[in-house]
Protein chains: 2
Amino acid sequence: MEKSESTKIDVVETNKERKGKAPLLGKAPVVAAAVVHAKGGGAKRGIAIFDLILRIAAFASALGAAVAMATTEETLPFFTQFFQFEASYDDLPTFTFFVVAMAIVVAYLVLSVPFSIVCIVRPHAVVPRLLLIIFDTVIIALTTGAAGSSAAIVYLAHNGNQDANWLAICQQFGDFCQRVSGAVVAAFVTVVILIFLVVLSASALRRHH
Amino acid sequence: MEKSESTKIDVVETNKERKGKAPLLGKAPVVAAAVVHAKGGGAKRGIAIFDLILRIAAFASALGAAVAMATTEETLPFFTQFFQFEASYDDLPTFTFFVVAMAIVVAYLVLSVPFSIVCIVRPHAVVPRLLLIIFDTVIIALTTGAAGSSAAIVYLAHNGNQDANWLAICQQFGDFCQRVSGAVVAAFVTVVILIFLVVLSASALRRHH
């Protein structure tokens, strides 16, 4: 079995090499260069495919964060004569910012997919990768800002602050707090995936030797 | 005058070329390649020097943010029998996180200077640039998280929140709020510089043609 597998791989490699050789018959060093080029291209294509998969994962978690936050509403089962107690994300400006920021992140991730596909089709293209690194970095800052600010408010909602005389509101609005916390966690997951995307793109950008 | 200047430049360029030529006498295409290499090196060295300057600027603003936050204290001129009203950064856990995070950022920026210098000395080195991009990106996330979370709390301190029944505390602690806001702004400035650093490193990393 092992032997037949290794033969298979050899055949595939020969096929790859043939592509490089076809237009360059008899020029040994150029062919060698072309083969190296093709190998570098293969690694870069692999990175580009992984980039696309991670981008879809980031899209999913960013969408989850935005939707979880935007649909969070809790109405308490008791009410006074004057008003009913209810909590929704737009009571706190930070959570509104969170929803807007995550919506932008989701939109960006959708728009970045074509660039990622270009990197798969043309593994040696420099400009799309460079654009992806630059905009990914900006989006990392936006996502982390949204996640961090909401995390600060969620912490306050859970624990309150004695010195500033801000009381915890999670005793009353337990479900609200849980969903919001989930959205913040999803946003941080998006940040981690985006950091990994930048690292991937940067390592694909470096010259091959 | 103009002519003598252009002569000067020619001489300098010839010197550069000589370095490339010395071990490769009489091999025209190789020499051409070496010259292109040297020119790419010049641009990359310029980027590396700019990187170092920006890094020092980021260090200054991060240090300013950390120090401004850590030294903020305000004691109100009146007090009751039981306690004196005073505000300091460690009353709010978010601000403590801010100080710790910015201290980490400052330490990182100091440690990254040798790598930046390596990039100036060896403009074609790939590994130090790649390391700088990766760690800069992580530090962007850390800085933005700290800045964003503190911004959310500062906003709350300024405006309060009626729905959660959190009162603004900046009427009482005006100086405290101003210094904290300044620290947050300095942290965001650091983020902008760091994003620019990643963009620079990425553009220096790409192959020259």
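Remember, predicted model here, so these are calculated numbers, not experimental data.

Visitor: Teacher, can you tell me more about the environment of Ile49(B) here?
Guide: Residues and elements named next belong to chain B. By secondary structure assignment, the location of Ile49 is in helix α2 (residues 28-70). What makes Ile49 partly exposed here is its relative accessible area of 40%. Separated by 79 residues in sequence, Ile49 and Pro128 place their C-alpha atoms 14 Å apart.

Visitor: Is there a simple way to explain the relation of the copies chain B and chain A in this structure?
Guide: Both copies of the chain are placed relative to one another by a rotation about an axis and a shift along it. Superposing chain B onto chain A takes a rotation of 180° combined with a translation of 0.0 Å along the rotation axis, leaving an RMSD of 0.0 Å. Taken together, these values place the two copies in the relation of a two-fold axis. For chain B, the minimum C-alpha distance to the rotation axis belongs to Ser149(B) and amounts to 1.8 Å.

Visitor: Just checking my understanding: could you explain the packing of helix α4 (residues 127-159) of chain B against helix α5 (residues 174-205) of chain B for this structure?
Guide: Two numbers describe a pair of packed helices, the interaxial angle and the distance between the axes. Residue and element names in this part refer to chain B. At a closest axis distance of 8 Å, the pairing of α4 and α5 adopts a crossing angle of 155°. Judged on the interaxial angle alone, α5 and α4 are roughly antiparallel. Once α4 is placed against α5, the crossing between them reads as left-handed. Partitioning the contact of α4 with α5 into residue classes produces 21 nonpolar, nine polar and two charged.

Visitor: For this particular structure, what's the right way to read the environment of Tyr89(B)?
Guide: All names here are of chain B. Here Tyr89 is to be found in the loop between β2 (84-88) and α3 (93-121). In this structure, the C-alpha to C-alpha distance between Tyr89 and Phe176, residues 87 residues apart in sequence, is 8.6 Å. Discounting chain neighbours no more than four positions away, the residues touching Tyr89 are Met69, Ala70, Thr72, Phe95, Thr96, Val99 and Phe176.

Visitor: Looking at this structure, I do not really get the nonpolar core. What am I missing?
Guide: The nonpolar side chains of a soluble globular protein tend to be buried with one another. One finds Phe95(A), Phe98(A), Trp166(A), Phe95(B), Phe98(B) and Trp166(B) to be the most contacted residues of the largest nonpolar core, which totals 114 residues. At the level of secondary structure, the elements contributing two or more residues to this core comprise α2 (28-70), α3 (93-121), α4 (127-159) and α5 (174-205) of chain A together with α2, α3, α4 and α5 of chain B. If we ignore the near neighbours within four places in the chain, the residues touching Trp166(A) are Leu156(A), Gly160(A), Asn161(A), Leu92(B), Ile153(B), Leu156(B), Ala157(B), Trp166(B), Leu167(B) and Ile169(B).

Visitor: What's the story with the UniProt feature "transmembrane region" in chain A in this structure? I'm lost.
Guide: Residue and element names in this part refer to chain A. Residues annotated by UniProt as "transmembrane region" correspond here to residues 47-67, 97-117, 130-150 and 180-200. Helix makes up 100% of residues 97-117 and strand 0%, with an end-to-end C-alpha separation of 31 Å. In the segment residues 180-200, helix accounts for 100% and strand for 0%; the C-alpha atoms at its two ends are 30 Å apart.

Visitor: Hey, could you run me through the interface of chain B and chain A in this one?
Guide: In many analyses, interface size is given as the accessible surface area lost on bringing the parts together. Contact with chain B, which involves 38 residues of that partner, is made by 38 residues of chain A. Approximately 3,400 Å² of surface area, both sides summed, lies buried where chain B meets chain A, with 76% of it carried by carbon and sulfur atoms. At the boundary of chain B and chain A, one finds four residue pairs in polar contact (both at pLDDT 80 or more). When contributions to the side of chain B that touches chain A are tallied by element, the ones reaching two or more residues are α3, α4 and α5 of chain B. At 16 residues, the largest contribution of residues to the side of chain B that touches chain A is made by α4(B).

Visitor: Sorry if this is basic, but what is going on with empty space enclosed by the protein here?
Guide: Rolling a probe over the atoms, with the probe sized like a water molecule, indicates the empty space that remains. Residue and element names in this part refer to chain B. Tallied over the full model, the rule gives two cavities of 30 Å³ or more. Contributing to the lining of the largest cavity are Leu92, Phe95, Ile153, Val154, Ala157, Ile169, Phe176, Cys177 and Val180. Elements that contribute at least two residues to the lining of the largest cavity include exactly α4 and α5. Looking at side-chain class alone, the lining of the largest cavity contains nine nonpolar, no polar and no charged residues.

Visitor: I tried to follow the confidence of the model for chain A on my own but got confused; where do I start?
Guide: Interpretation of the predicted coordinates at a detailed level should be avoided for regions scoring low in pLDDT. Residue and element names in this part refer to chain A. On average, residues of chain A carry a pLDDT of 79, and 74% of them reach 70 or more. Element-level mean pLDDT values for chain A span from 44 in helix α1 (residues 2-21) up to 94 in α3. Between residues 1-28, whose pLDDT stays under 50, and residues either more than four places distant or in other chains, the model counts six contacts. Throughout residues 30-36 the model reports pLDDT below 50, and contacts reaching past four residues in sequence, or to other chains, amount to seven contacts. What the predictor reports for the complex is a pTM of 0.76 with an ipTM of 0.74.

Visitor: What's the story with the side chain of Thr137(B) in this structure? I'm lost.
Guide: Of note, Thr137(B) is situated in helix α4. We classify Thr137(B) as buried; its relative accessible area is 0%. Residues contacting Thr137(B), with those up to four places away along its chain left out, are Ile140(A), Ile195(A), Val198(A) and Val198(B).

Visitor: Honestly, α3(A) in this entry has me stumped. Any pointers?
Guide: The terminal C-alpha atoms of α3(A), which comprises 29 residues, lie 43 Å apart, in line with the 42 Å expected from a rise of 1.5 Å per residue. At Val113(A), α3(A) shows its largest bend, some 30°, and a proline, Pro114(A), comes one to four positions later.

Visitor: Sorry, what's going on with the pattern of salt bridges here?
Guide: When charged atoms on two side chains of opposite charge get close, those side chains can pair. All names here are of chain A. Enumeration over the complete set of coordinates arrives at four salt bridges over all chains. Asp51 is paired through a salt bridge with Arg55; the nearest N and O atoms lie 2.9 Å apart. Remark: Arg55 and Asp51 occur in helix α2; sequence separation between them is four residues, near one turn of the helix. Among the residues examined, Asp51 registers a relative accessible area of 5% and is labelled buried. Taking relative accessible area as the criterion, Arg55 reaches 0% and is therefore assigned buried.

Visitor: Looking at this model, I keep getting lost on the packing of aromatic side chains. Mind explaining?
Guide: Each pair of aromatic rings is reported with the distance of its centres and the angle of its planes. Residues and elements named next belong to chain B. Counted according to the given criterion, the structure contains five aromatic pairs over all chains. With 6.2 Å between their ring centres and 85° between their planes, Phe50 and Phe196 make a pair best called edge-to-face. In this pair, Phe50 is assigned in helix α2 and Phe196 in helix α5, connecting sequence segments 146 residues apart. Given the relative accessible area of 39%, Phe50 is considered partly exposed. Residue Phe196 is classed as partly exposed on the basis of its relative accessible area, which comes to 41%.

Each value, and the rule that gives it
- Residues numbered from 1 in each chain as written.
- Chains lettered and ligands numbered in written order.
- Predicted model: local features only at pLDDT ≥ 70, side-chain atom pairs only at ≥ 80, totals over all residues.
- Heavy atoms only, no water.
- Helix = DSSP H or I, 4+ residues; strand = E, 2+ residues; numbered from the N terminus.
- Buried < 20%, exposed > 50% of the residue type's maximum accessible area, 1.4 Å probe, protein only.
- Least-squares fit on C-alpha atoms with pLDDT ≥ 70 in both.
- Axes fitted to C-alpha atoms, helices over the stretch in contact; angles between N-to-C directions.
- Parallel < 35°, antiparallel > 145°, perpendicular 65-115°, else oblique.
- Left-handed = near helix turned anticlockwise from the far one by under 90°.
- Nonpolar A, V, L, I, M, F, W, Y, C, P; charged D, E, K, R; others polar.
- Contact = heavy atoms within 4.5 Å.
- Core = buried A, V, L, I, M, F, W, Y, C linked by side-chain atoms within 4.5 Å.
- UniProt positions renumbered as here; feature names shortened; annotations may be inferred.
- Buried area = accessible area lost by both parts, 1.4 Å probe.
- Polar contact = N/O pair within 3.5 Å; in protein donor to acceptor, adjacent residues only side chain to side chain.
- 1 Å grid on protein atoms, 1.4 Å probe; cavity = no way out; pocket = protein on both sides within 12 Å on 5 of 7 lines; lining within 4 Å.
- Points joined across faces, edges and corners; volume = space filled by probe spheres on them.
- pLDDT = per-residue confidence, 0-100.
- Expected span 1.5 Å × (residues − 1).
- Bend = angle between axes of the 7 residues up to and from the residue.
- Salt bridge = Lys/Arg side-chain N within 4 Å of Asp/Glu carboxyl O.
- Phe/Tyr/Trp six-rings, centres within 6.5 Å; stacked < 30°, edge-to-face > 60°.

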